[in-house]
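# Observations on the model geometry
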Amino acid sequence: MKHCINPTDFTTDEIKNLIMLAEDIIDNPQKYAESCKGKQLATLFFEPSTRTRLSFTSAMLALGGQVIGFDDAQSSSVAKGETLADTVRVVSSYSDIMAIRHPKEGAALVASMFGDVPIINAGDGSHSHPTQTLTDLLTIHKELGRLDNLTIGLCGDLKYGRTVYSLIGAMQKYQNIHFVLIPAKGLELSSEFFEDLKMSENLSFSSVDSLEDAMEYLDVLYMTRTQRERFTSATEYDECKSKVILSTEQMKLAKENMIVLHPLPRVDEISPDVDSDPRAAYFRQAGNGKYIRMSLILTLLKTVEKKIQAPNVPYKASSQKCLNGVCITNSEPVSLLSYFSKQRCYCAYCDDLIK
Ligand code: NCD
């Protein structure tokens, strides 16, 4: 593990070690208070964020390290037309590790090709959000004591929600996972992604029209907000906006030990009345985000010290660009890299099918 780009890059052993380390940090914070003394984390946030950026900052400070960076692309040289590749080249000479959030899919992969420090993907468009997934896995593990044999309801914006794609991707490596899809109308999982998932051995899926139909079966209910920033027009957003609101009435239908997760921010998809239900785990989940990021920073910095190289991925480079308009290949000086999976060809940056 040299970078953290996609949750599918981790083996289950690596995830287990990250979770165990995070749990030890929670129990013994003093033991780690100087672990990153003299090290600097750069946070490059080209998109808004509260939890992710502040939990990275809080994580590095709790490890005794320092933080530099920006939270508004307009205050960086991007406003002058600088590419991400150049920004990363420069910032990697000022820092030991970098966390990047960017609206283009595949941005973190590009950063890992141009920087010479570990890169952490803090969200790239609708594509991936691995540190949120690690937060989700730590929370499920702490709350339910397992990552296998789970029925997980995914509710809301399943089309644009990067946390949803990342969570499903990561769960492919665990045993006996059943997803119940409860999408808002028009915000279903991308059909190509769904077709590929159906070939995955450990996952099974069902779809229901309402939360009421799913509640009694769920171990985890994963709520999401409609991703307003990914819509091309306000009208499209208003038409698709999820009308589902989780209420205390629906919570009465759920198992006693079911947990409700939400990557946050919440808009109106969970009634505030639900917050006092002990099964509402989303604020505990946000708190866990700091500890799993401490664990990840420590692990990646150790990997660099040991000079462990990432395995060579059999990617194939070409001079083409990806047809996905929000793929980073269309705005950065990189050629398309593709890979084959189950006899189909995919873009290595955004994982879209190349036709
Ligand atoms: C999520 C994100 O940015 O994708 N938030 C987060 O990182 N905690 C979910 C969202 O914004 O809806």
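Conventions and cut-offs
Residues take numbers from 1 onward in each chain, read along the sequence in its written order. Reporting of local features is limited, given that this is a predicted model, to residues whose pLDDT is at least 70; pairs of side-chain atoms are given and counted only at 80 or more, and all residues count toward the totals for whole chains, interfaces and linings. Only DSSP runs of H or I with at least four residues qualify as helices, and only runs of E with at least two residues qualify as strands; both kinds are numbered from the N terminus onward. Here the expected span of a helix is defined as 1.5 Å times the quantity of residues minus one. With C-beta atoms placed from the backbone, the exposure class of a residue follows from how many other C-beta atoms lie within 10 Å of its own: 20 or more, buried; 12 or fewer, exposed; in between, partly exposed. Think of it as the arc spanned by the lines of direction from the helix axis to the C-beta atoms. Being near a molecule or strand means, for a residue, that its backbone-placed C-beta atom lies within 6 Å of it. When residue character is reported, Ala, Val, Leu, Ile, Met, Phe, Trp, Tyr, Cys and Pro are called nonpolar, Asp, Glu, Lys and Arg charged, and the others, Gly included, polar. All the domain ranges listed were derived from an automatic or database domain assignment. Strand pairing is assigned whenever DSSP identifies at least 2 bridges connecting the two strands. Interaxial angles span 0 to 180 degrees and are taken between N-to-C directions of axes, which are lines fitted to C-alpha atoms, for helices over the stretch in contact. What counts as a contact here is a pair of residues whose C-beta atoms, placed from the backbone, lie within 7 Å. Under the definition applied here, buried Ala, Val, Leu, Ile, Met, Phe, Trp, Tyr and Cys residues are grouped into a nonpolar core through C-beta atoms within 7 Å. Orientation is classified from the angle alone, with under 35 degrees giving roughly parallel, over 145 giving roughly antiparallel, 65 to 115 giving roughly perpendicular, and any other angle giving oblique. By convention, the crossing between two helices is left-handed when the near helix turns anticlockwise from the far helix through less than a right angle, and right-handed when the turn is clockwise.

### As for helix H1 (residues 12-27)
For H1, which comprises 16 residues, the first-to-last C-alpha distance of 23 Å matches the rise-based estimate of 22 Å (1.5 Å per residue) to within 8%. Turning to H1, its buried residues are Ile15, Leu18, Ile19, Ala22 and Ile25. Down the axis of H1, the buried set is contained in an arc of 120°. They therefore lie on one face. Opposite the buried face of H1, by more than 90 degrees, sit the exposed residues Asp13 and Asp27.

### Regarding the site of the ligand
In the region of the ligand, the neighbouring residues are Arg51, Thr52, Gly123, His129, Gln132, Arg162, Thr163, Arg225, Gln227, Pro263, Leu264 and Pro265. Those elements giving two or more residues to the shell around the ligand turn out to be helix H2 (51-62) and helix H6 (162-171). Along the lines of polarity and charge, the residues of the shell around the ligand split into three nonpolar, six polar and three charged. Both domain 1 (7-129 + 288-302) and domain 2 (131-286) contribute no fewer than three residues apiece to the shell around the ligand.

### Regarding the sheet that holds strand E10 (residues 316-317)
Strands sit in the order E10-E11-E12 across an open sheet of three strands; the sheet is antiparallel. Either end of the sheet is taken by a strand with one partner, and the two such strands are E10 and strand E12 (344-347). Direction of pairing for E10 relative to strand E11 (residues 337-341): antiparallel, over a ladder of two bridges. Within E11, the residue paired with alanine 317 across the bridge is leucine 337.

### Digging into the sheet that holds strand E2 (residues 66-70)
The parallel open sheet is built from four strands, whose spatial order is E2-E1-E3-E4. Since the sheet does not close on itself, it has two edges, and those belong to E2 and strand E4 (119-124), each with one partner. Direction aside, the axes of adjacent strands within the sheet are offset by 15° on average. Here strand E1 (residues 40-45) pairs with strand E3 (residues 97-102) via five bridges, running parallel. Bridge assignment links leucine 41 to a residue of E3, and that residue is isoleucine 97.

### Digging into unusual backbone geometry
Between leucine 264 and proline 265 the backbone carries a cis peptide bond, its omega angle lying at 10°. With respect to the element layout, proline 265 can be found in the loop between strand E9 (259-261) and helix H11 (282-305). Backbone geometry places asparagine 149, a non-glycine residue, at a positive phi of 50°. On the secondary structure map, asparagine 149 appears in the loop between helix H5 (130-144) and strand E5 (150-156). The backbone of aspartate 351 sits at a positive phi, close to 65°, despite the residue not being glycine. Here aspartate 351 shows up in the segment after E12.

### A few points about the domain arrangement of the chain
Accessible area lost during the coming together of the parts is what is often quoted as the interface size. Assigned domains of the chain: these are domain 1 (7-129 + 288-302), domain 2 (131-286) and domain 3 (316-347). A C-alpha centroid distance of 25 Å is found between domain 1 and domain 2. On the side of domain 2, 25 residues touch domain 1, which itself brings 23 residues to the contact. A breakdown of the residues in the side of domain 1 that touches domain 2 according to their chemical character gives nine nonpolar, twelve polar and two charged.

### Brief notes about the environment of threonine 329
By the element assignment, threonine 329 lies in the loop between E10 and E11. Sequence separation of threonine 329 and phenylalanine 283 is 46 residues, and the distance between their C-alpha atoms is 36 Å. Contacts of threonine 329, omitting those with residues within four sequence positions, involve Gly106, Lys321, Cys322, Val334, Leu336 and Tyr349.

### Quick look at the nonpolar core
Ranked by internal contacts, the top residues of the largest apolar core, which has 93 residues, are Met98, Ile100, Ala111, Tyr222, Val260 and Ile297. Tallying contributions element by element places H11 first for this core, with nine residues.

### Here we look at the pairing of E3
Of all the six residues making up E3, six are buried; the element is thus mostly covered by neighbouring parts of the structure. Alternating positions in E3 separate into two faces, Ile97, Ala99 and Arg101 on one and Met98, Ile100 and His102 on the other, with burial throughout. The pairing of E3 with E4 spans four bridges and is classified as parallel. From the neighbouring strand, methionine 98 faces E4, where its bridge partner is isoleucine 119.

### Some thoughts on the packing of helix H3 (residues 84-91) against helix H4 (residues 107-114)
Interaxial distance between H3 and H4 falls to 9 Å at its minimum, and their mutual angle equals 50°. In this view, H3 runs oblique relative to H4, as classed from their interaxial angle. Crossing handedness for the pair H3 and H4: right-handed. Taken together, the residues of H4 that come into contact with H3 (itself represented by Leu84, Ala85, Val88 and Arg89) are Ala107, Val110, Ala111 and Phe114.

### Re the packing of H1 against H5
Where H1 contacts H5, the two axes come as close as 10 Å, and the packing angle between them is 70°. Comparing their axes, H5 and H1 come out roughly perpendicular. The element H1 and its partner H5 pack so that their crossing is right-handed. Mapping the contact onto sequence places Ile15, Leu18, Ile19 and Ala22 in H1 and Leu134, Leu137, Leu138 and His141 in H5. Grouping the amino acids of the contact of H1 with H5 by side-chain chemistry returns seven nonpolar, one polar and no charged.

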